[in-house]
Amino acid sequence: MSAIRRKLGEDYQVVNTNRTMSFSAPAKRKRQRFVEKNGRCNVQHGNLGGETSRYISDLFTTLVDLKWRWNLLIFLLTYTVAWLIMASMWWIIAYIRGDLGHGHDESYTPCVANVYNFPSAFLFFIETEATIGYGYRYITEKCPEGIILFLFQSLLGSIVDAFLIGCMFIKMSQPKKRAETLMFSQDAVISQRDGKLCLMFRVGNLRNSHMVSAQIRCKLIKSRQTPEGEFLPLDQRELDVGFGTGADQLFLVSPLTICHEINSNSPFFDLSQRSLMNEQFEIVVILEGIVETTGMTCQARTSYTEDEVLWGHRFLPVMSLEEGFFRVDYSQFHNTFEVTTPPYSVKEQDEKSSLPSTGPVLSPTFLNGRSRRERIFSLDGVPLTEESGSKLPRKLQRMNSKNGKEVLKTGAQPTEKASSMGDLPLRVQRLGSLVGQGEVENQLHLKPLNMGSEAHTQSAGELEHHGLLLMPAPIPGPSLISLPASSGRPEDNLPPKLRRMNADH
């Protein structure tokens, strides 16, 4: 046990799944099972009426299905009655012919020599049936009825031998006994595997001989009521244990853990740790395969009720590597240990994960604390980054901000796109309107300008003096530079230097 704790960690607690142990789930009253733990179906057929004749029509299967005590009784009674009947027939022939009164007369030729009472007739039948042939009793050629009875005895004996001996052979070689060496875990567990909630149980093979083409299936037995009001007391639903992926095809050499993934298609989609205490169901496990030694199909069954399903448990490992082989420790086959498992159902987890997550809200303090350069937005709603702002020429940067004064002011939302001020030569294509004034569109065409080494700058005060106010939009994104609408041409409102620069080209 200490080695297991070192391997799994001290946080895990080993739990013995003996029924005398108490778990967190409340103890439930033992209820009627549909399939017993040993695989026997707890169903009895009654009130067959005239249907009992169907058992006689399949007499061989009926005899094989009987218990051993009834098989042995039928075997002994059949041979005893057949021997007595055939011995009586030989005695009747001797009695009718008058051979009984001439038993020791050597001059008389009887039907069967040395048969003069019933015991001698019975011994003759046994010698003939078992082909012992002591040579003291024999059929003579003057008894045609004895010859016919001898042929009938040979045929009837062969049929009885084939029927009863074949029945006993099939009964002894039945694959039901092979199922006794197929082992299922006493409890099933629910825990996470690969990030998914799964229902798991363990299967083992105690023999070295393999089960060829072993396949496992699971059925959920649970009562339910249909939308039409019909009550189904023992409704059967299939539990997927890897039918689509081929995981239900087992290579049963060592103990395997069978896994049923609980998803939206599973009957346990809304099963949680709390609702498990109030549920009432039964899981029937069916393992089928071909016995390697006899080639006969074997089926092993077991079942798990709701009180045999442990939430938040996992099976202890039973495999260990020895010198040159793997060793299976079946003493830990049924034991489990507790692991951290969410107590919620898969349905509840999916609903929580599907809730929309709200994005981060920008506070006004953060917006007000940003620099003036970051508050310049475009018409498309894409904010300018520091890198794009740094691409402006130094002369235009000094024109935008000088002596700490803000040149760009908040204005109306522009309706047209403008070229970026970082794209030189400068060309303004369309200007927006001012706040409080109508939607007046002014176009200002600036010809390309090749900047030389000579400084051509204007201060913010000079721009304000000439009435040039740049109005960005209040929405996020680089704004459109707007000029006030005035009478005359838009070039008249420009400073003298910009007019001369525009006129040169």
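Every value quoted in this text rests on a predicted model; they were computed, and no experiment measured them.

Student: Describe the packing of helix α4 (residues 68-97) against helix α6 (residues 144-172), listing the residues and the values that go with them.
Tutor: The geometry of α4 relative to α6 is characterised by a closest axis approach of 11 Å and an angle of 175 degrees between their N-to-C directions. Classed by the angle they form, the pair α4 and α6 counts as roughly antiparallel. When grouped by side-chain class, the residues that make up the contact of α4 with α6 number 18 nonpolar, four polar and four charged.

Student: Could you give an account of the pattern of salt bridges, naming the residues involved and the relevant values?
Tutor: As enumerated under the stated definition, the model contains 10 salt bridges in all. Notably, a salt bridge pairs Asp-99 with Arg-97, separated by 3.7 Å at the nearest N-O pair. When its relative accessible area of 1% is taken as the criterion, Asp-99 is described as buried. The exposure class of Arg-97 is partly exposed, given its relative accessible area of 29%. Among the ionic pairs, Glu-279 bridges to Lys-222, the shortest N-O distance being 2.9 Å. In this pair, Glu-279 is assigned in the loop between α7 (273-276) and β9 (282-291) and Lys-222 in strand β5 (residues 211-225), connecting sequence segments 57 residues apart. For Glu-279, a relative accessible area of 24% puts it in the partly exposed group. Taken together, the shared-partner salt bridges connect Arg-33, Lys-37 and Glu-308 into one network.

Student: Describe the pairing of strand β4 (residues 196-205), with residues and values.
Tutor: Buried residues dominate β4, accounting for nine of its 10 residues. Bridge count for strand β2 (residues 182-184) against β4 is three bridges, and the pairing is antiparallel. Paired with Met-183 across the strands is Gly-204, a residue of β4. Bridge analysis of strand β3 (residues 188-193) against β4 gives five bridges, and the strand direction is antiparallel. Opposite Gln-192, over in β4, you have Leu-197 as the bridge partner. Between the end of β3 and the start of β4, which pair antiparallel, lie two residues, with Asp-194 showing a positive phi angle near 55 degrees. Across six bridges, the pairing between β4 and strand β8 (residues 256-261) is antiparallel. Counterpart to Met-200 in the pairing with β8 is Cys-259.

Student: How would you explain a nonpolar patch on the surface if you had to name every residue and give the values?
Tutor: On the surface, Leu-84, Trp-91, Ile-92, Tyr-95, Ile-96 and Phe-118 cluster together into a nonpolar patch covering about 600 Å² of accessible area. Broken down by element, the residue count for the nonpolar patch peaks at five residues, all from α4. With respect to the secondary-structure elements, Ile-96 resides in helix α4. Under the relative-accessibility criterion, Ile-96 is labelled exposed at 66%.

Student: Before we move on, can you summarise the packing of helix α5 (residues 118-129) against α6 with the specific residues and values?
Tutor: Running from N to C, α5 and α6 point in directions that differ by 60 degrees, and their axes come no closer than 10 Å. In terms of crossing hand, the pair formed by α5 and α6 is right-handed. The segment α5 lies against α6, with Phe-125, Thr-128 and Glu-129 engaging Phe-150, Gln-153, Gly-157 and Asp-161. For the contact of α5 with α6, the residue count by class is two nonpolar, three polar and two charged.

Student: Break down the packing of aromatic side chains for me, with residues and values.
Tutor: Tallied over the full model, the rule gives eight aromatic pairs. Ring geometry for Phe-60 against Phe-163: centres 6.0 Å apart, planes inclined by 75 degrees, an arrangement best described as edge-to-face. Of the two residues, Phe-60 sits in helix α3 (residues 59-65) while Phe-163 sits in helix α6, which places them 103 residues apart along the sequence. The side chain of Arg-202 reaches across the aromatic face of Phe-333, ending 5.6 Å from its centre.

Student: Account for the side chain of Gln-153, naming residues and giving values.
Tutor: Position of Gln-153 relative to the elements: it lies in helix α6. Here Gln-153 falls in the buried class, since its relative accessible area comes to 2%. Polar contacts involving the side chain of Gln-153 include one to the side chain of Trp-90, which spans 3.0 Å. Sequence-distant contacts of Gln-153, defined by excluding residues within four places in its chain, comprise Met-86, Trp-90, Phe-125, Thr-128 and Glu-129.

Student: Please set out the state of the cysteines residue by residue, giving values where relevant.
Tutor: Per the counting criterion, the structure on display carries one disulfide. Here Cys-198 is not cross-linked by a disulfide; its sulfur's nearest cysteine counterpart is in Cys-259, at 3.3 Å.

Student: Outline unusual backbone geometry, supporting the account with residue identities and numerical values.
Tutor: Phi at Asp-194 is positive, roughly 55 degrees, even though this residue is not glycine. Phi angles above zero are rare outside glycine, and Ser-213 is one such case at about 55 degrees. Its place among the elements puts Ser-213 in strand β5.

Student: Report on the environment of Pro-255, specifying residues and quantitative values.
Tutor: Within the secondary structure, Pro-255 is located in the loop between β7 (249-250) and β8. Among the residues examined, Pro-255 registers a relative accessible area of 12% and is labelled buried. Taking the C-alpha atoms as reference points, Pro-255 and Met-183, 72 residues apart in sequence, are found 8.8 Å from one another.

Student: Which residues make up the confidence of the model for the protein, and what values do they have?
Tutor: Summary statistics for the protein give a mean pLDDT of 74 and a share of 65% for residues scoring 70 or more. Considering only residues more than four positions removed or in separate chains, one finds that residues 17-26, a stretch of pLDDT under 50, has 17 contacts.

Student: Tell me about the nonpolar core, and name the residues and values.
Tutor: Formed by 35 residues in total, the largest nonpolar core has its most connected members in Phe-201, Ile-216, Phe-268, Ile-283 and Leu-287. Secondary structure elements with two or more residues in this core: β2, β3, β4, β5, β9, β10 (297-305) and β11 (309-311). The biggest single contributor to this core is β5, with five residues. Ignoring anything within four residues of it in the chain, the contact list for Phe-201 reads Ser-185, Asp-187, Ala-188, Ile-216, Cys-218, Leu-256, Thr-257, Ile-258, Val-285, Tyr-304 and Phe-315. Core analysis: the next-biggest nonpolar cluster, separate from the first, contains 13 residues, Trp-90, Ile-93, Cys-111 and Ala-121 among them.

The rules behind the values
Residues numbered from 1 in each chain as written. Predicted model: local features only at pLDDT ≥ 70, side-chain atom pairs only at ≥ 80, totals over all residues. Heavy atoms only, no water. Axes fitted to C-alpha atoms, helices over the stretch in contact; angles between N-to-C directions. Helix = DSSP H or I, 4+ residues; strand = E, 2+ residues; numbered from the N terminus. Parallel < 35°, antiparallel > 145°, perpendicular 65-115°, else oblique. Nonpolar A, V, L, I, M, F, W, Y, C, P; charged D, E, K, R; others polar. Salt bridge = Lys/Arg side-chain N within 4 Å of Asp/Glu carboxyl O. Buried < 20%, exposed > 50% of the residue type's maximum accessible area, 1.4 Å probe, protein only. Pairing = 2+ DSSP bridges. Patch = residues over 30% accessible without salt bridge, like charges linked within 9 Å, V, L, I, M, F, W, Y side chains within 5 Å. Areas by Shrake-Rupley, 256 points an atom, 1.4 Å probe, with all protein chains shown as cover. Left-handed = near helix turned anticlockwise from the far one by under 90°. Contact = heavy atoms within 4.5 Å. Phe/Tyr/Trp six-rings, centres within 6.5 Å; stacked < 30°, edge-to-face > 60°. Lys NZ or Arg CZ within 6 Å of the ring centre and 35° of its normal. Polar contact = N/O pair within 3.5 Å; in protein donor to acceptor, adjacent residues only side chain to side chain. Disulfide = S-S within 2.5 Å. pLDDT = per-residue confidence, 0-100. Core = buried A, V, L, I, M, F, W, Y, C linked by side-chain atoms within 4.5 Å.

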